[in-house]
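Chains, contacts and geometry: an overview
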Amino acid sequence: MRTRSLGWATDLAVLEMTGSVVEERTDHLLVRTPANPDFHWGNCLLVTDAAAVDDADRWVAEFECAFPDADWVAVGLARMPVERSGWDRHGIQLEVDDVLAATDPPRQTAPPVGYVVRGLAGPDWEQLVARELAVNAEGQQYDDAMHERFARARIASQRTMVAAGAAHFVGAFLDDHLVAELGIVDCGGTARYQTVGTAPEHRGKGLASHLLGVAGAWAAARGCTRWVICTEATNPAGRVYRRAGFAPVAPIVQAYRMPPRGVD
């Protein structure tokens, strides 16, 4: 059975809007993002046949054939495999992201006192780059140089969508310093949230809830009738999204092996 969840469908729509190429094959999709070769989930496979997800050897080989220079493995799966040992043998983690959807935009909450909320423009985008780099430096997940290339290319693609009128990115500022942000993309009537983040010292103040409503209203004004947001299953932000009216639908399942730390 071939399947493409709402989470994957909106991921692919956003990717194609920013220049990614999606090649449809019999039981999987091959996704390439020439403008951002460091984007792991923009250079990946998506297994669309639920009956085929347990064949780890095949999919690792397919990925390595398609991306011979990659030092990571990124394979999206139509469901969680029943047999995980094959993936374990390749050193690959099976991860789940919650996909939450709503048929009404999140309600508008009052803006937290002392913050200025506005669409990102001009030098605000460089602040967004700096925030992404700081998060990676703190967690030490990826090589710094590689992550900066990835972040700059991805944010450039987001700016392109904003300039084309297909997306809206909004931030909360304190003394002109970006402390929270998110984006939303119109995927043809379905609005997909992107890049939700709040600096640790500014969490718990209602910034994310307010920005959800601001971006949701933008999408509603464009005629969107469904709103979608994805988050790691273990992320406590999921509670914020549920309170805002989102409910879980089919999750995203990912088979992922990070590159060795320190490799450019």
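Just so we're clear, the structure is a prediction, and the values are computed from it rather than from any experiment.

A closer look at the pairing of strand β1 (residues 21-24)
In terms of strand pairing, β1 meets strand β2 (residues 28-32) through four bridges, oriented antiparallel. Of the residues in β2, the one forming a bridge with V21 is R32. Connecting β1 to the antiparallel partner β2 that follows it, the hairpin turn spans three residues.

Things to note about the pairing of strand β3 (residues 44-47)
Of the two faces of β3, both are covered, the one formed by C44 and L46 as well as the one formed by L45 and V47. In this sheet, β3 lies alongside β2 in antiparallel orientation, the contact comprising four bridges. Bridged to L30 within β3 is L45. Sheet topology note: the β3/strand β4 (residues 73-77) ladder contains two bridges and is parallel. Considered in β4, the bridge of L45 is made with V75. Crossover handedness for the path β3 to helix α2 (residues 56-66) to β4: right-handed.

What to know about the sheet that holds β2
Pairing is mixed in the open sheet, where eleven strands are placed in the order β1-β2-β3-β4-β11-β5-β10-β9-β8-β7-β6. Unpaired on one side and paired on the other, β1 and β6 (116-119) mark the two borders of the sheet. Taking the axes of each pair of neighbouring strands and ignoring which way they run, one obtains an average angle of 25 degrees across the sheet. Pairing of β4 with strand β11 (residues 247-257), which is carried by five bridges, proceeds in the antiparallel orientation.

Observations concerning the state of the cysteines
Enumeration according to the criterion identifies zero disulfides in this entry. Looking at C44, it has no disulfide partner, and the nearest cysteine sulfur is the one in C230, 14 Å off. The structure places no disulfide on C65, whose sulfur is separated from the nearest cysteine sulfur, that of C44, by 16 Å. Judged by relative accessible area, which is 64%, C65 ranks as exposed.

Side note on the nonpolar core
Where a protein is soluble and globular, its nonpolar side chains tend to be buried together. F63, V75, L77 and W87 are the most contacted members of the largest nonpolar core, which has 41 residues in total. Sort the elements by how many residues they give to this core and α2 lands first, with five residues. Among all residues touching W87, those that are not within four sequence positions of it are V53, D54, A56, W59, V60, V75, L77, P81, I92, L94 and A255. With 23 residues, the next largest nonpolar core counts L100, A102, V179 and A237 among its residues.

Remarks on the pattern of salt bridges
Tallied over the full model, the rule gives 14 salt bridges. For E132, the salt bridge is made with R154, and the minimal N-O distance between the two is 2.3 Å. Here E132 is found in helix α4 (residues 124-139), whereas its partner R154 is found in helix α5 (residues 144-163), with 22 residues between them in sequence. Where R222 meets D186, a salt bridge forms, and the shortest distance between an N and an O atom there is 3.0 Å. Of this pair, R222 sits in the loop between α6 (207-221) and β10 (226-232) while D186 sits in strand β8 (residues 177-186); the two residues are 36 residues apart in sequence, bridging distant segments of the chain. Salt bridges sharing common partners tie together D27, R58 and E62.

A short note on α4
Between the first and last C-alpha of α4 there are 23 Å, a value that for 16 residues agrees with the 22 Å anticipated at 1.5 Å per step. Burial in α4 covers these residues: D124, W125, L128, V129, R131, E132 and N136. Buried residues of α4, viewed axially, fall in a sector of 160 degrees; they line one side. Where the residues of α4 are buried, they touch β6, α5, β7 (167-174), β8 and β9 (190-198). Taken from the residues just after α4, Q140 is the one with a positive phi, measuring 55 degrees.

Criteria and cut-off values
Residues numbered from 1 in each chain as written. Predicted model: local features only at pLDDT ≥ 70, side-chain atom pairs only at ≥ 80, totals over all residues. Heavy atoms only, no water. Pairing = 2+ DSSP bridges. Helix = DSSP H or I, 4+ residues; strand = E, 2+ residues; numbered from the N terminus. Buried < 20%, exposed > 50% of the residue type's maximum accessible area, 1.4 Å probe, protein only. Right-handed = clockwise from strand over helix to strand, strands pointing away. Axes fitted to C-alpha atoms, helices over the stretch in contact; angles between N-to-C directions. Disulfide = S-S within 2.5 Å. Core = buried A, V, L, I, M, F, W, Y, C linked by side-chain atoms within 4.5 Å. Contact = heavy atoms within 4.5 Å. Salt bridge = Lys/Arg side-chain N within 4 Å of Asp/Glu carboxyl O. Expected span 1.5 Å × (residues − 1). Arc of directions from axis to C-beta.

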